[in-house]
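Structural characterization, general
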Amino acid sequence: MVFAADWAGFAQQVVGGLASGGIYAMLALALVLIYRSTGVVNFAQGEMAMFTTFLAWALVQHGVGYWGAVALTVLIAFAGGIALERVIIRPVERAPALTIAIVTLGLFFLLNGAAFWIWSPEQKYLRSAFSTRPVEIAGVQISIQDLGVIAVAVAAATLLAVLFRFTKVGLAMRAVVANPDSSRLLGIRVGWMLALGWGLAAALGSVAGLLTASPSFDQSFMQPVLLYAFAGAILGGIDSALGAVVGSLLLGVFLNVVTSLDTLGLGWTIDNDLRLPAALAVILLVLLIRPSGLFGTAQVTRA
Amino acid sequence: MPLLELSGVQARYGALQALHGINLTVDEGEIVAVLGANGAGKTTTLRAVSGTVKTNGNIVFGGERIGGHGPEAVAREGIAHVPEGRGTFADLTVRENLRLGAHVRPRGKAKADYDRVLRRFPILAERQRQAAGTLSGGEQQQLALARALMQRPKLLLLDEPSLGLAPRVVAEIFRTVAELNEEDGLSVLVVEQNANLALETSSRAYVLEVGRVAVAGTSAELRRHESVRRSYLGY
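Right, let's walk through the structure included here. Since the structure is predicted, the reported quantities are computational estimates derived from the model, not experimental observations. (Residues numbered from 1 in each chain as written. Chains lettered and ligands numbered in written order. Predicted model: local features only at pLDDT ≥ 70, side-chain atom pairs only at ≥ 80, totals over all residues.)

1. Quick look at the interface of chain B and chain A
Between chain B and chain A, the contact holds 18 residues from the first and 13 residues from the second. Of all the elements in the fold, those that place two or more residues in the side of chain B that touches chain A are α2 (71-76) and α3 (94-101) of chain B. Of the residues assigned to the side of chain B that touches chain A, the class counts are 7 nonpolar, 6 polar and 5 charged. (Contact = placed C-beta atoms within 7 Å. Helix = DSSP H or I, 4+ residues; strand = E, 2+ residues; numbered from the N terminus. Nonpolar A, V, L, I, M, F, W, Y, C, P; charged D, E, K, R; others polar.)

2. Looking at the nonpolar core
Counting 159 residues, the largest nonpolar core has Met-26, Leu-27, Leu-29 and Leu-31 of chain A as the members making the most contacts within it. Aside from chain neighbours lying at most four places away, what touches Leu-31 of chain A is Val-41, Asn-42, Gln-45, Ala-229, Phe-230 and Ala-233 of chain A. (Core = buried A, V, L, I, M, F, W, Y, C linked by C-beta atoms within 7 Å. Buried ≥ 20, exposed ≤ 12 C-beta atoms within 10 Å, placed from the backbone.)

3. Description of unusual backbone geometry
Geometrically, the link from Ser-214 of chain A to Pro-215 of chain A is a cis peptide bond, its omega value of 5° lying close to zero. Along the chain, Pro-215 of chain A turns up in the loop between α8 (190-213) and β4 (216-217). Not every positive phi belongs to a glycine, and Arg-86 of chain B is a case in point at roughly 75°. For Arg-86 of chain B, the position within the fold is in the loop between β6 (79-82) and α3. The backbone of Glu-160 of chain B shows a phi angle near 50°, a positive value even though the residue is not glycine. Following the sequence through the fold, Glu-160 of chain B ends up in the loop between β7 (155-159) and α7 (167-184).

4. What to know about helix α11 (residues 275-289) of chain A
All names here are of chain A. Given a rise of 1.5 Å per residue, 15 residues ought to cover 21 Å, and the 21 Å separating the end C-alpha atoms of α11 matches this to within 8%. When α11 is considered as a whole, its buried residues turn out to be Ala-279, Val-282 and Val-286. Looking straight down α11, one finds its buried side chains confined to an arc of 50°; they lie on one side. Those residues of α11 that are exposed and angled more than 90 degrees off the buried face are Pro-277, Ala-281, Leu-284, Leu-285, Leu-287 and Leu-288. (Expected span 1.5 Å × (residues − 1). Arc of directions from axis to C-beta.)

5. Some thoughts on the environment of Pro-106 of chain B
Residues and elements named next belong to chain B. Along the polypeptide, Pro-106 turns up in the loop between α3 and α4 (110-120). Given 7 C-beta atoms within a 10 Å radius, Pro-106 is considered exposed. It is 11 Å that separates the C-alpha atoms of Pro-106 and Met-150, two residues lying 44 residues apart in sequence.

6. Considerations on the packing of helix α1 (residues 7-38) of chain A against helix α2 (residues 45-61) of chain A
Residues and elements named next belong to chain A. Running from N to C, α1 and α2 point in directions that differ by 125°, and their axes come no closer than 10 Å. Comparing their axes, α2 and α1 come out oblique. Handedness of the α1/α2 crossing: right-handed. Across the interface between the two elements, Leu-27, Ala-30 and Leu-31 from α1 touch Gln-45, Gly-46 and Ala-49 from α2. Here the residues of the contact of α1 with α2 sort into 4 nonpolar, 2 polar and no charged. (Axes fitted to C-alpha atoms, helices over the stretch in contact; angles between N-to-C directions. Parallel < 35°, antiparallel > 145°, perpendicular 65-115°, else oblique. Left-handed = near helix turned anticlockwise from the far one by under 90°.)

7. So, the sheet that holds strand β2 (residues 16-26) of chain B
Residues and elements named next belong to chain B. The strand order across the open sheet built from 4 strands is β2-β1-β4-β5, with neighbouring strands paired in antiparallel fashion. Of all the strands in the sheet, the pair left with one neighbour each is β2 and β5 (64-65). The pairing of strand β1 (residues 4-13) with β2 spans 8 bridges and is classified as antiparallel. By the bridge assignment for β2, Tyr-13 is matched with Leu-16. On the sheet, helix α1 (residues 42-50) packs against β1, β2 and β4 (55-61) and is oriented at approximately 70° with respect to β2. (Pairing = 2+ DSSP bridges.)

8. What about the environment of Pro-91 of chain A?
Position of Pro-91 of chain A among the secondary structure elements: in the loop between α3 (66-89) and α4 (97-118). In this structure Pro-91 of chain A comes out as exposed when scored by C-beta crowding, with 10 C-beta atoms within 10 Å.

9. Observations regarding the pairing of β7 of chain B
Residue and element names in this part refer to chain B. Counted residue by residue, β7 has 5 buried out of 5 residues, so it is predominantly covered. Of the two faces of β7, the one holding Leu-155, Leu-157 and Asp-159 and the one holding Leu-156 and Leu-158 are both buried throughout. Strand direction decides the pairing type here: β6 and β7, joined by 4 bridges, are parallel. Across the sheet, Ala-80 pairs through a bridge with Leu-156, a residue of β7. In this sheet, strand β8 (residues 187-191) lies alongside β7 in parallel orientation, the contact comprising 5 bridges. Residue pairing for β8: Leu-155 is matched across the bridge by Ser-187. Of the crossover connections in this fold, the one passing from β7 over α7 to the parallel β8 is right-handed. (Right-handed = clockwise from strand over helix to strand, strands pointing away.)

Shown next as structure tokens:
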């Protein structure tokens with residue numbers, strides 16, 4: 001019987017998908033933040049998060065408490081993002097998009113190499129921010145960890161929305177993205193607003209890294225996450241913050257469901273090893289069918 | 001001492017020299033017009049003042065040398081520049097555009113300015129929550145002007161406010177500028193193709209030709225000036 005479905009198992013997969021989607025969403029938001037100000041995807045976004053996660057691990061190794069290390073890491077990531085923009089991106093600010101993209105690719109290898117140079121390549125262990133104990137909600141076993149991750153992602157997205165909608169600095173950042181020349185005439189310090197965007201992106205990414213790291217991680221642990229985040233952002237529309245969140249959540253649930261179709265009593269499912277190819281297929285399909293994604297702005301160019 | 005003084009100001013875009021030594025002053029409480037054909041250097045003169053083009057020579061504003069200061073700094077010193085094409089943020093609301101005008105103002109001071117500006121431009125009060133891009137051309141020019149006023153400038157630089165607008169709307173814009181000048185003592189340096197209107201509104205004017213001041217004088221004098229009449233006023 002095909003519909004001998006395990007609905008509780010299915011619901012569990014959906015919640016788990018929302019949790020991974022929430023992590024992709026934070027990294028995707030970081031990608032969108034930088035894409036909107038520079039016009040390129042920051043290839044180093046995942047490695048930046050990897051590097052800050054190692055910093056958090058090193059802090060814990062040096063006796064700093066977990067939550068103290070988390071707070072410090074997010075602050076360091078914020079400052080580091082600002083510094084990266086000022087030092088590495090600013091000199092190529094007016095260069096063609098391809099140049100900036102290559103610079104972020106260089107940053108990818110720089111951070112990756114530095115992490116291998118500073119820290120050994122063995123697996124590192126970091127505790128999770130949340131308990132992995134399950135709770136039962138409406139007959140469905142859901143891990144507290146998944147709920148915590150979803151809550152953090154929602155909080156991060158909400159904070160960002162509040163920043164951009166209601167604060168003076170957030171409004172100035174939007175103005176700079178819309179029209180840097182006009183912004184300058186109003187006395188807005190355009191360079192600093194761009195740097196602030198990098199700081200926020202790095203901070204968001206660092207949270208995504210910390211949530212992905214447990215129970216163990218190594219120097220390449222953020223690379224698949226970056227691809228998922230990229231797929232989520234493309235699905236939602238690469239220039240839309242709302243799209244990044246919705247696209248990533250949809251992708252997270254989609255990937256979890258297609259790799260657990262057997263719980264629905266279908267008798268077969270897509271192998272878990274095909275998660276990444278499935279995400280890449282999503283990128284390809286979106287680019288073929290609807291390049292602007294769900295919420296993005298369609299690019300219209302006169303021939 | 002004039003509020004703004006340019007002496008021997010040169011500017012270039014790459015190999016192209018746009019200004020060959022401009023001398024120009026604006027006194028406090030004065031409206032000064034800059035006339036000239038396309039490519040005469042009118043817009044570049046405004047850009048030189050607001051720091052959006054690199055210059056040589058002296059630019060003094062309120063007794064301080066501002067030549068070489070970037071636009072962010074010049075805006076903070078009390079100069080508002082409404083650029084060609086108005087420079088409003090089309091995707092942001094009218095309210096957000098106005099809030100951005102007050103970016104350099106201290107917190108808390110902007111609210112009173114906001115109410116004052118909306119009283120001056122009642123149409124903007126009705127459209128506060130609309131995206132600026134949905135406004136008509138005339139309303140957008142009003143928004144650009146209102147946003148500049150949110151800066152509480154000592155000097156307003158106005159570039160071609162008549163561009164693309166119906167004559168009735170243009171006349172209204174100039175009436176507003178004249179009111180701001182009379183009631184609030186706002187000093188204005190305005191670049192304008194419509195020489196008739198510019199000379200009616202201003203007290204003094206400069207005519208630029210290929211990056212130099214060709215004729216300067218009171219607006220009344222220029223209206224009687226033989227070659228100005230023939231070249232720019234059309235009678």
